[in-house]
Amino acid sequence: MFRFKNRVVCYTCKDDYYQMQWSRCLITTYANVVLSTGDCRLQFSGHVNACRPRIFGKTSLWTCQTRCISSWISGLFKQDETRSFNSVRDGLKSMYSQCLEPLETTYLFHDFHSPKLRSADFDYKPSVMLIGQYSTGKTTFLQHIVGKDYPGMRIGPEPTTDKFIVIMNGKEDSIVPGNALVVDANMPYAPLSKFGNKFLNRFQASVTSTPVLENLTLIDTPGILSGEKQLIDRGYDFIQVWVQWFAERVDRVILLFDAHKLDVSDEFKRTIEVLNMYEDKLKIVLNKADRVSPQQLMRVYGALMWSLGKIVNTPEVVRVYTGSFWKQPLQHTANRHLFELEHQDLFKDLQSLPKQNSIRKLNDFIRRSRLAKVHAYIISELKSEMPRLFGREVAKQRLIDELDTVYRRIQSRYGVSAGDFPDINQMRRKLKDYDFTKFKVLDSSLIDALDDMLNKKIPPLMSMLPNESLQLNTEDVSGGVFDLMENNPFQSGATEGVNEGKYDGSETWIVAKHMAEYEKSFQRISGGKEKVSGAAVRDELMKSHLPNTELALIWRLADVDNDGYFDIKQWALANHLLKIRLAGHELPHTLPHHLLPPASKNVSDHS
Ligand SMILES: Nc1ncnc2c1ncn2[C@@H]1O[C@H](COP(=O)(O)OP(=O)(O)OP(=O)(O)O)[C@@H](O)[C@H]1O
């Protein structure tokens, strides 16, 4: 009975460890009871051969047991934790405080990588940040999206924006200075106070009332200047400020380039390199593309891809949105159609951000968890490599110099992917300021709790995602430029393919344009009857060589009364759709109203 020494790790007490000789019977029974609730706070991890009764730790065993039992009892009422969360955000908040934050705090993650998350970080609206060298048109781009001027906006060919400006919704136009923003508990900006007054003087919110900002927050940034000028003029580390902080929190980072003056300065390169970690949030825009001729644009585009290929770490070719994002007339109009398509693609992506906000937060949370885990491995490895008494400074310097070896060792010992490791140079820089002997050794209970969260608690949250936007009634972004994207004759493709005739007025049926031709073929296959059978239509449509799936779609769209027979109007409609498809346009899955044959249209209008 007393022959076993058991190790009990209490998750509730976090840093308290109990190594004791205890009645095997009692521990086993107790552990079994806790485990059987499915809300395990105790981990029962085997035995070693020693039989001296010992208890280590700050809290008495009784306190530990009392806490564990109370958490067990509360566990009884919480059968499935994820089911009790109202939203993915609530789930993430709870997991953060229970599983991730203890690990982050123990291994100084907040000092090395990112400040502790607060409630506002989980609740905040989706946001988009614009970055680019000066005068690439960032402020003009934002003005174009919002559809109006906002307070503090400055546009000009010289470096104009010298502040980080958060453009947000509010009843009245106003400017909120940085120092006030960081003390507002509803905003996620409190940790920015660590950057000091120099930064806060260059940080502000522009408040204005517009529907676009009801579901989206936009962030304008100072244009990137080159090299030393950047640091000397600004008085704060621009890259550290926004890369470490803003890029981690926003939903999109738009990198703006000027086609008319393509330049990728060293400073901008360094910025993009740091952003590689968030490549899923990156959108690249080649602005002012109408300022150059199509031939010049091709060259500029090629040069941009070449430069980006060397900086952006993706195996795929980066997607570049080309256009001119403002409301002035185009200088070269040859690529007008292309620009329209590109604008639509980009704006559609921005428009859907509120619906993707939860998945983005979940994604960032998982990314942060993986980084925190690797960071814990690094810190504890450095601690374990330090001598106990002499030669600490020499050992520290050696470990910093050989950090790549430490990374490789961790990689092979714990099976961590190379992509999860923090930037080695940045780590080297930061490690210099720390006493490695004060680092904590690896606490496997914290790592287990994190793994448990990633493997068991996150998947149920993911299954909540599809219903999340429905439940929270999340809407797409509307207003400003987003209201001008659809249902007007100027949108790209508005008068082509299946949309041809959409804006011709309700009296005109576009299909009738070639009626004489359709009547002739109808006569031939119907032999003078009013309707033709499905088999006859099938044989005729098959002559087009389109795949059967496409022909089946045409058949379904044209058979408006669903009786399996075609009259002359349905036959004409089938041929019209066939022509559209053969011309390379896509077909919709439901027939647009303007293509309904006139008789059916009247019925549908009155129903
Ligand atoms: N699509 C465009 N085509 C041509 N010129 C443009 C376009 N957009 C903006 N501009 C012009 O480029 C200049 C710089 O614009 P803007 O101030 O918006 O750039 P910015 O990137 O915000 O600059 P900064 O970095 O100084 O804040 C202005 O003169 C503006 O009129």
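Small disclaimer: the values here were computed from a predicted structure and weren't measured.

(A) Highlighting the sheet that holds strand S9 (residues 252-258). Spatially, eight strands are ordered S6-S7-S5-S8-S4-S9-S10-S11 in an open sheet, and the strand pairing comes out mixed. Among the strands making up the open sheet, the edge pair consists of strand S6 (174-177) and strand S11 (320-322). Taken over all neighbouring pairs, the strand axes of this sheet differ in orientation by 25° on average, direction set aside. Sheet analysis places S9 next to strand S10 (residues 282-287), joined by six bridges and oriented parallel. Across the sheet, residue Asp258 finds its bridge partner in S10, namely Asn287. Helix H13 (residues 336-351) contacts strand S4 (127-132), S9, S10 and S11 of the sheet and is inclined by roughly 125° relative to S11.

(B) Representation of the domain arrangement of the chain. One can read the domain layout of the chain as domain 1 (5-79), domain 2 (83-117 + 358-385 + 394-471), domain 3 (126-352) and domain 4 (504-606). Placing the centre of domain 2 and that of domain 4 at their C-alpha centroids yields a distance of 60 Å.

(C) Representation of the site of the ligand in the model. Neighbouring the ligand are 21 residues, the closest being Gly137, Thr139, Thr140, Thr161 and Gly223. Among the elements that make up the shell around the ligand, the one with the highest residue count is helix H6 (residues 138-146) (three residues). Among the residues making up the shell around the ligand, the classes are represented as six nonpolar, 12 polar and three charged.

(D) The packing of helix H16 (residues 403-414) against helix H17 (residues 424-431), seen in detail. Two numbers describe how H16 lies on H17: the axes approach to 10 Å, and their chain directions differ by 115°. Taken together, H16 and H17 sit at an angle that is classed as roughly perpendicular. The way H16 lies across H17 gives a crossing that is right-handed. Contacts between H16 and H17 involve Leu403, Asp404 and Tyr407 from the first element and Ile424, Met427 and Arg428 from the second. Taken together, the residues of the contact of H16 with H17 break down into four nonpolar, no polar and two charged.

(E) Spotlight on the environment of Met187. Tracing the chain through its elements places Met187 in the loop between helix H7 (178-181) and helix H8 (196-200). Residue classification places Met187 among the buried residues on the basis of 20 C-beta atoms within 10 Å. The spatial distance from the C-alpha of Met187 to the C-alpha of Asp121 is 7.9 Å, given a sequence separation of 66 residues. Not counting residues within four places of it along the chain, the set of residues in contact with Met187 comprises Ala120 and Leu181.

What counts and how
- Residues numbered from 1 in each chain as written.
- Predicted model: local features only at pLDDT ≥ 70, side-chain atom pairs only at ≥ 80, totals over all residues.
- Pairing = 2+ DSSP bridges.
- Helix = DSSP H or I, 4+ residues; strand = E, 2+ residues; numbered from the N terminus.
- Axes fitted to C-alpha atoms, helices over the stretch in contact; angles between N-to-C directions.
- Contact = placed C-beta atoms within 7 Å.
- Domains from an automatic or database assignment.
- Near = placed C-beta within 6 Å.
- Nonpolar A, V, L, I, M, F, W, Y, C, P; charged D, E, K, R; others polar.
- Parallel < 35°, antiparallel > 145°, perpendicular 65-115°, else oblique.
- Left-handed = near helix turned anticlockwise from the far one by under 90°.
- Buried ≥ 20, exposed ≤ 12 C-beta atoms within 10 Å, placed from the backbone.

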